[in-house]
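Structural overview for review
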Amino acid sequence: MFQSVIAYFESIDPILAALYATMFTWFLTAFGASFVFFFKNMNRVVLDGMLGFTGGVMVAASFWSLLAPAIEMSGGEGFVKVIPAAVGFLLGAVFIFGLDKILPHLHINFQETEGVKSPWQRTTLLVLAITLHNIPEGLAVGVLFGGVAAGIPEASIAGALTLAIGIGIQNFPEGIAVSMPLRRMGMSRWKSFMYGQSSALVEPVAGVLGAVAVTFFTPLLPYALAFAAGAMIFVVVEEVIPETQQDKNTDIATLGFIGGFIVMMVLDVALG
């Protein structure tokens, strides 16, 4: 079945393929958010385990799907070969660091507000927090498809689809992580769902922009891949992992992280 999907994506424009792939990642966020129609509360142990899983997937994807290909496709030897990946990785982290300081957002635990002071409602701030997470995820998928469009040998449809599958899997708990707290606050099921799924709408936008940018500026691909990796790692270390340590479920969250890393590693090596 996966080979049939690859064949289909190889038959269409890579930029359109990037749109379809990131729409898939958005759909799984919406699927997670839809659980609010059936449950009002999510056990914190389960949520921490799923968030740990999310972090594991993001870290594994950053290396296997982004950094390793970025280094492989860079020219030169030794230090010269790794410079594009190092520079891109740093820029990606700095980019999210800057957004983190400027964009008002609220953490899932509703205890930490970051960014510039804003009169916006807490619901809006929470959605912005998850949206901040999703920018590098959409970008990561998009730049891989852009590499395919540019004819880069190290970029493949299979690799891009594998990354999209991994990102989609970890988007599922993110949808729950947004919608459930909103429901607990007394918001209606429908509004909680709409806020939850809307947090991932940025992914198709970032995916298409990433694909187009790499298509027109092919030498940027190693930097772009590493940029997405740096952005994702920053999100994991600065927000996802600390979020799982708020309660007494650190072991569950850690095991979830290990599980997520293994799943993404297996997917990337077996399918990509």
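Please refer to the structure placed before this passage.
The following refers to the structure shown. None of the values given here were measured: they were computed from a predicted structure. (Residues numbered from 1 in each chain as written. Predicted model: local features only at pLDDT ≥ 70, side-chain atom pairs only at ≥ 80, totals over all residues. Heavy atoms only, no water.)

Description of the packing of aromatic side chains
Applicable threshold: Within 6.5 Å between ring centres, the rings of Phe, Tyr and Trp (the latter by its six-membered ring) count as paired, and their orientation is classed by plane angle as stacked under 30 degrees, edge-to-face over 60, tilted in between. In this scheme, a residue with accessible area under 20% of its type's maximum is buried, one over 50% is exposed, and one in between is partly exposed, where area comes from a 1.4 Å probe on protein chains only. In DSSP terms, a helix is any run of H or I states spanning at least four residues, a strand is any run of E spanning at least two, and both are numbered starting from the N terminus.
Evaluation of the coordinates by the stated rule reveals eleven aromatic pairs. Between the aromatic rings of Phe-31 and Phe-35, the centroid separation amounts to 5.6 Å while the plane-to-plane angle is 90 degrees, which identifies the pairing as edge-to-face. The class of Phe-31 is partly exposed, set by a relative accessible area of 41%. Look at Phe-35 and you get partly exposed, because its relative accessible area is 22%. Here Phe-35 and Phe-172 contribute two aromatic rings whose centre-to-centre distance is 5.3 Å and whose plane-to-plane angle is 80 degrees, an arrangement assigned as edge-to-face. In this pair, Phe-35 is assigned in the loop between helix H2 (14-33) and helix H3 (44-72) and Phe-172 in helix H6 (residues 157-184), connecting sequence segments 137 residues apart. Relative accessible area serves as the criterion here: at 21%, Phe-172 is assigned to the partly exposed category. Within the aromatic cluster, the residues linked to one another by ring pairs are Tyr-8, Phe-9 and Phe-145.

Topic: helix H1 (residues 2-10)
Threshold: By arc we mean the arc of the directions from the helix axis to the C-beta atoms, nothing more.
Here H1 has its buried residues at Phe-2, Ile-6 and Phe-9. Down the axis of H1, the buried set is contained in an arc of 65 degrees. They therefore lie on one face. Facing away from the buried side of H1 by over 90 degrees, the exposed positions are Gln-3 and Ser-4.

Thoughts on helix H10 (residues 250-271)
Going by this rule: By this rule, a helix spans an expected 1.5 Å times one less than how many residues it contains. For this analysis, residues touch if any pair of their heavy atoms sits within 4.5 Å.
The end-to-end C-alpha separation of H10 is 31 Å, in line with the 32 Å expected for 22 residues at 1.5 Å each. Those residues of H10 not exposed but buried are Ala-253, Gly-256, Gly-260, Met-264, Leu-267 and Asp-268. All buried residues of H10 fall inside an arc of 95 degrees around its axis, so they share one side. Opposite its buried face, H10 presents the exposed residues Asp-251, Leu-255, Val-269 and Ala-270, each directed more than 90 degrees away. Where H10 is buried, its residues contact H3, H6 and helix H9 (221-244).

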